[in-house]
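# Architecture at a glance
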Amino acid sequence: MHDFQSLIHDLENSGVAPDSVVIIHSSMKRIGRVDGGADTVIDALMEYFKNGLLVMPALTYTLFHDYAPDAPGCIKCLADYPAGHCLAKDFYGKTPEFHVNSTPVCIGLLPEIFRKRPQVVRSLNPSHSVAAYGKRSEEFIAGHEKSITPCGKLSPWYKLYEYGGKIIHLGSPLTSTTFMHGVCEWLNPDDLTPLIPNPVKVFDRFENPVVTPALRITAGSANVFDRLAGAPENAAEMRNFKFADTVAAVLDCRKLLQYFEKNKNLLN
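Let us look at the structure shown here. From a predicted model like this one, the values you see are computed outputs, not experimental measurements.

What counts, and at which threshold
- Residues numbered from 1 in each chain as written.
- Predicted model: local features only at pLDDT ≥ 70, side-chain atom pairs only at ≥ 80, totals over all residues.
- Heavy atoms only, no water.
- 1 Å grid on protein atoms, 1.4 Å probe; cavity = no way out; pocket = protein on both sides within 12 Å on 5 of 7 lines; lining within 4 Å.
- Points joined across faces, edges and corners; volume = space filled by probe spheres on them.
- Nonpolar A, V, L, I, M, F, W, Y, C, P; charged D, E, K, R; others polar.
- Phe/Tyr/Trp six-rings, centres within 6.5 Å; stacked < 30°, edge-to-face > 60°.
- Buried < 20%, exposed > 50% of the residue type's maximum accessible area, 1.4 Å probe, protein only.
- Helix = DSSP H or I, 4+ residues; strand = E, 2+ residues; numbered from the N terminus.
- Contact = heavy atoms within 4.5 Å.
- Pairing = 2+ DSSP bridges.
- Axes fitted to C-alpha atoms, helices over the stretch in contact; angles between N-to-C directions.
- Disulfide = S-S within 2.5 Å.

## Regarding empty space enclosed by the protein
Within this structure, the stated rule accounts for one cavity of 30 Å³ or more. Leu174, Leu228, Ala231, Pro232, Glu233, Ala235, Ala236, Met238, Leu251 and Leu256 together form the lining of the largest cavity. The class makeup of the residues in the lining of the largest cavity is nine nonpolar, no polar and one charged.

## Some remarks on the packing of aromatic side chains
Scanning the model with the defined rule gives seven aromatic pairs in all. Considering the side-chain rings of phenylalanine 179 and tryptophan 186, the 5.2 Å spacing of their centres and the 75° angle between planes classify their relative orientation as edge-to-face. A relative accessible area of 9% places tryptophan 186 in the buried class. Each member of the aromatic cluster is reached from another via a ring pair, and the members are Tyr158, Tyr161, Phe179 and Trp186.

## Details of the environment of valine 200
With respect to the element layout, valine 200 can be found in the loop between α9 (179–187) and β7 (201–203). On the basis of relative accessible area, valine 200 is assigned to the buried category, the value being 14%. Valine 200 has contacts with Leu63, Phe64, Thr95, Pro96, Glu97, Phe98, Pro126 and Leu215, leaving out every residue within four places of it along the chain.

## Side note on the sheet that holds strand β10 (residues 246–252)
Neighbouring strands of a sheet are bound in pairs by backbone hydrogen bonds; such pairs are parallel or else antiparallel. The strand order β4-β5-β2-β1-β6-β10-β9 describes an open sheet built from seven strands, whose pairing is mixed. Strand pairing shows two members of the sheet lacking a second neighbour, β4 (121–122) and β9 (239–243), which therefore form its edges. Inspection of the sheet shows strand β6 (residues 166–170) paired to β10 by four bridges, in the antiparallel sense. Within β10, the residue paired with isoleucine 167 across the bridge is leucine 251. Of the strands in this sheet, β1 (21–26), β2 (53–57), β5 (130–134), β6 and β9 touch helix α3 (residues 38–48), which is tilted by about 140° from β2.

## Structural notes on the state of the cysteines
In total, this model carries zero disulfides according to the counting rule given. Cysteine cysteine 77 remains unbridged, with the sulfur of cysteine 86 as its closest cysteine sulfur at 6.1 Å.

## Here we look at the environment of threonine 62
Here threonine 62 lies in the loop between β2 and α4 (72–80). When sequence neighbours within four positions are dropped, the list of residues in contact with threonine 62 reads Cys77, His85, Cys86, Leu87, Ala88 and Cys106.

Laid out in structure tokens, this is it:
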């Protein structure tokens, strides 16, 4: 069984400096058995990156889904997301609400634990928010509520590029790299995505209502994520390291964007 010290040791061998800006995608199931469970994993990440900026996706896009449990699309979604992850079900028949302090994420255990930790702040986007801890965390999340798309240039997703951030997959597949939604949008700014048909009410950390623009869906199809998985390792200076039971992958945000700038045909 793994423990706090062994996870710190794995991070020390990752080649990622403790003062880095990183976003973590994760699968607790693939990380394996850890003494203290998911909380210990979060403890280790926060300790190792305490002098950097640690970010996790805190996505809530199921808020915008139409809850229709007999429809094929809804059946598939409910199968993909365990009980508690279908936020649309919670707001069936009424206007959905995003409360930055309390709305749970729909993508997994580790980011849900992380967003609740003291000193962790969360951005104000009702579908693709991020949670952040460490240096410049408030600056990093600021302005997300002004973005008309979840991953626009006013969002933390673009700041990952500006800050020279790294993407770390702890057992999660490359096809879950949310940063790629931004890449598709930034390199094809004239290809406007449709507006999200369902309105949502947004509330800040003080439970004050927040005015947001009409929101559009994220850019990029599933094919784009498959092409990322098939890209050469030098496309994003990708490297691997052992983390508990899984092989973790590290990607460089700037290199990743540069690769697709040179290969824009792969985004079509």
